[in-house]
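Now for the letters of each chain:
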Amino acid sequence: MRAAVLDQTAKLAIRDLPDPVPGPGEVVIAVSLAGVCGSDYSLYHGKFGVPLPVVPGHEGMGTVTEVGHGVSNVTVGQRVVIQPNFACWDCDLCGTGMDNICSEKVRLGIDVNGVFAQYVKVPSRYVWPVPEGLDDRTAVLTEPLAVAAHGVKVLPPAEGDRVLIIGAGVIGLMTLLLAKLNGANVTVLDLLTEHMSLAEKMGADSAFRVGGDKKPDPSSFDLIYETSGAPSGLSDAIGLAAPGGRIALQGLPGTEHPVSTTQIVRKELTVMGSMIYTDEFPGVLELLRSGRIDPRPLISDLIGLDDLDHVIKNFNAPDRFKVLVSF
Ligand SMILES: [Zn+2]
Ligand SMILES: [Zn+2]
């Protein structure tokens, strides 16, 4: 099979690799579409410190071509999406439904070969059939939408809540769609005018540019989703949260930044982390099938495997949102 292989930092090579063979409980999927994500960019630049070579990519959908012994939840020929973090189901965290933070978790496209290849091998428990009538381009957005849905589950917005989303990238704008569905009034804060205008097109009630003349009022938001991963994200959120406000953190800054714990106490704020997802996939697939939200405006480019190195190298281009690799 053709695959994009990361065998040194900051260089993907297109190689021929042997097709994967399913072991017991595993399935092989012919990848139709694969999404490019910020964590692919981090991996590409060596931020994960995992052994190379590896085939990156974790956001994928396609058709089952082979099933291993004992697989009963999917059959050959079925269209499926992949849930790309495989927990151990043996530890205390997995036992209490916190499999998202299982320390034995195996990450597709980081710890094992991922979806930037014609075929990928996955445990069958981590593939979900695509409902009839749901197109491939929408279905491939299930994984990032599950990330946003987990944030909204951890701290749910209520009707009329003043919600602020810091960072209008893919996760931020998916959070926007979900918060609007709950009847919230949503403000978006981002560095880039391109991101702000898409936010407005996708239903934001207002949008502010970081460093612009117009600024959101301090202490004026009931609920804040920090999706930018900017080191100052939490500190900004603490200043902008209303008394009694709640803050969900989804970004991973990777560097320290001082925060005002005084304001957390005085305003009695709730601060929660939100890490990937647990059981969100079936609900997200059903939500997409229902057509109640449409995340497809986030798709900015459809590319071939040969263009992937160039796209990941220039990941932060301002007009780029979700790039899909088509096979
Ligand atoms: Zn992703
Ligand atoms: Zn576990």
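Peer 1: Please clarify how the overall build of the protein chain should be interpreted in this entry.
Peer 2: Along its length, the protein chain carries 10 helices and 17 strands. Reported as C-alpha extents along the three principal axes, the dimensions of the protein chain are approximately 60 × 40 × 35 Å. For the protein chain, with 327 residues in total, the buried portion stands at 42%. Look at the contacts in the protein chain between residues 6 or more apart in sequence, and 66% of them connect residues 24 or more apart.

Peer 1: Would you take a moment to explain the packing of helix 4 (residues 142–154) against helix 5 (residues 170–181) for this structure?
Peer 2: The angle between the axes and the distance between the axes are what describe a pair of packed helices. Between helix 4 and helix 5, whose axes approach to 9 Å, the crossing angle comes to 55 degrees. As summarised for this structure, helix 4 and helix 5 are arranged oblique, according to the angle between their axes. Note that helix 4 runs across helix 5; the crossing there is right-handed. Side by side, helix 4 and helix 5 meet where P144, L145, V147, A148, A149, G151 and V152 of the first sit next to V170, I171, M174, T175, L178 and A179 of the second. Of the residues that constitute the contact of helix 4 with helix 5, the class distribution is 11 nonpolar, two polar and no charged.

Peer 1: Can you walk me through the domain arrangement of the protein chain in this structure?
Peer 2: Where interface size is given, it is often the accessible area lost as the parts come together that is meant. When cut into domains, the protein chain gives domain 1 (2–141 + 295–326) and domain 2 (148–273). Distance from the C-alpha centre of domain 1 to the C-alpha centre of domain 2: 28 Å. Contacts between domain 1 and domain 2 engage seven residues on the former and nine residues on the latter. Classifying every residue of the side of domain 1 that touches domain 2 gives five nonpolar, no polar and two charged.

Peer 1: Explain the sheet that holds strand 13 (residues 221–226) to me, please; I cannot follow it from the model alone.
Peer 2: The strands that make up a sheet pair up through hydrogen bonds in the backbone, lying either parallel or antiparallel. Pairing within the open sheet is parallel, and its six strands lie in the order 12-11-10-13-14-15. On the outer flanks of this sheet lie strand 12 (206–209) and strand 15 (270–273), each paired with one strand and no other. Strand-to-strand, the axes of this sheet are offset by a mean angle of 20 degrees, without reference to chain direction. Pairing of strand 13 with strand 14 (residues 241–249) involves five bridges; the strand directions are parallel. Bridge pairing links I224 to I247 in strand 14. Packed on one face of the sheet, helix 7 (residues 233–240) meets strand 10 (162–166), strand 13 and strand 14 and runs near 170 degrees to strand 13.

Peer 1: Explain the environment of W128 to me, please; I cannot follow it from the model alone.
Peer 2: Among the secondary structure elements, W128 is positioned in strand 9 (residues 127–129). For W128, the residues in contact, after removing those within four places along its chain, are V80, V81, Q83, F281, P282 and L285.

Peer 1: Is there a simple way to explain the environment of A149 in this structure?
Peer 2: In this structure, A149 sits in helix 4. Classification of A149 by C-beta neighbours within 10 Å gives buried; the count is 22. As a C-alpha pair, A149 and L177 span 28 residues in sequence and 9.9 Å in three-dimensional space.

Peer 1: How do you make sense of the packing of helix 4 against helix 9 (residues 281–290) when you look at a structure like this?
Peer 2: Where helix 4 contacts helix 9, the two axes come as close as 9 Å, and the packing angle between them is 110 degrees. One way to sum up the angle between helix 4 and helix 9 is to call them roughly perpendicular. Like other packed secondary-structure pairs, helix 4 and helix 9 cross with a definite hand, here right-handed. When helix 4 is examined against helix 9, the residues T142, L145, A146 and A149 are found in contact with a partner set consisting of F281, G283, V284, L285 and L288. Here the contact of helix 4 with helix 9 is composed, by residue class, of seven nonpolar, two polar and no charged.

Peer 1: Could you clarify how one ought to interpret the nonpolar core in this entry?
Peer 2: Side chains of nonpolar character tend, in soluble globular proteins, to be buried together. With 89 residues, the main nonpolar core has I29, F116, L173, L176, V188, A199 and I224 as its most contacted residues. The element that contributes the greatest number of residues to this core is helix 5, accounting for eight residues. Contacts of L173, omitting those with residues within four sequence positions, involve A168, L198, A199, M202 and L298.

Conventions used here
One numbering rule holds for all chains: residues counted from 1, following each sequence as written. Written order decides the labels, with chains lettered from A and ligands numbered from 1. Totals for whole chains, interfaces and linings use every residue, but because this is a predicted model, local features are given only for residues with pLDDT of at least 70 and side-chain atom pairs only at 80 or more, for both listing and counting. The way it works is that DSSP assigns letters per residue, a run of H or I at least four long becomes a helix, a run of E at least two long becomes a strand, and they are numbered from the N terminus. Buried, partly exposed and exposed are defined by the number of other C-beta atoms within 10 Å of a residue's own C-beta, namely 20 or more, between the two limits, and 12 or fewer respectively, with C-beta atoms placed from the backbone. Whether two residues are in contact depends on their C-beta atoms, placed from the backbone: they are in contact if these lie within 7 Å. Axis lines are fitted to C-alpha atoms, over the contacting stretch for helices. Their N-to-C directions set the angle, which ranges from 0 to 180 degrees. Each angle gets one of four labels, with under 35 degrees taken as roughly parallel, over 145 as roughly antiparallel, 65 to 115 as roughly perpendicular, and the rest as oblique. Crossing chirality is assigned from the near helix's rotation relative to the far helix, an anticlockwise turn below a right angle marking it left-handed and a clockwise turn marking it right-handed. For this scheme, ten residues count as nonpolar: Ala, Val, Leu, Ile, Met, Phe, Trp, Tyr, Cys and Pro. Four count as charged, namely Asp, Glu, Lys and Arg, and the remainder, Gly too, count as polar. The domain limits used here are those given by an automatic or database domain assignment. The pairing criterion is simple: DSSP has to find at least two bridges between the two strands. When buried Ala, Val, Leu, Ile, Met, Phe, Trp, Tyr and Cys residues are joined through C-beta atoms within 7 Å, the set is termed a nonpolar core.

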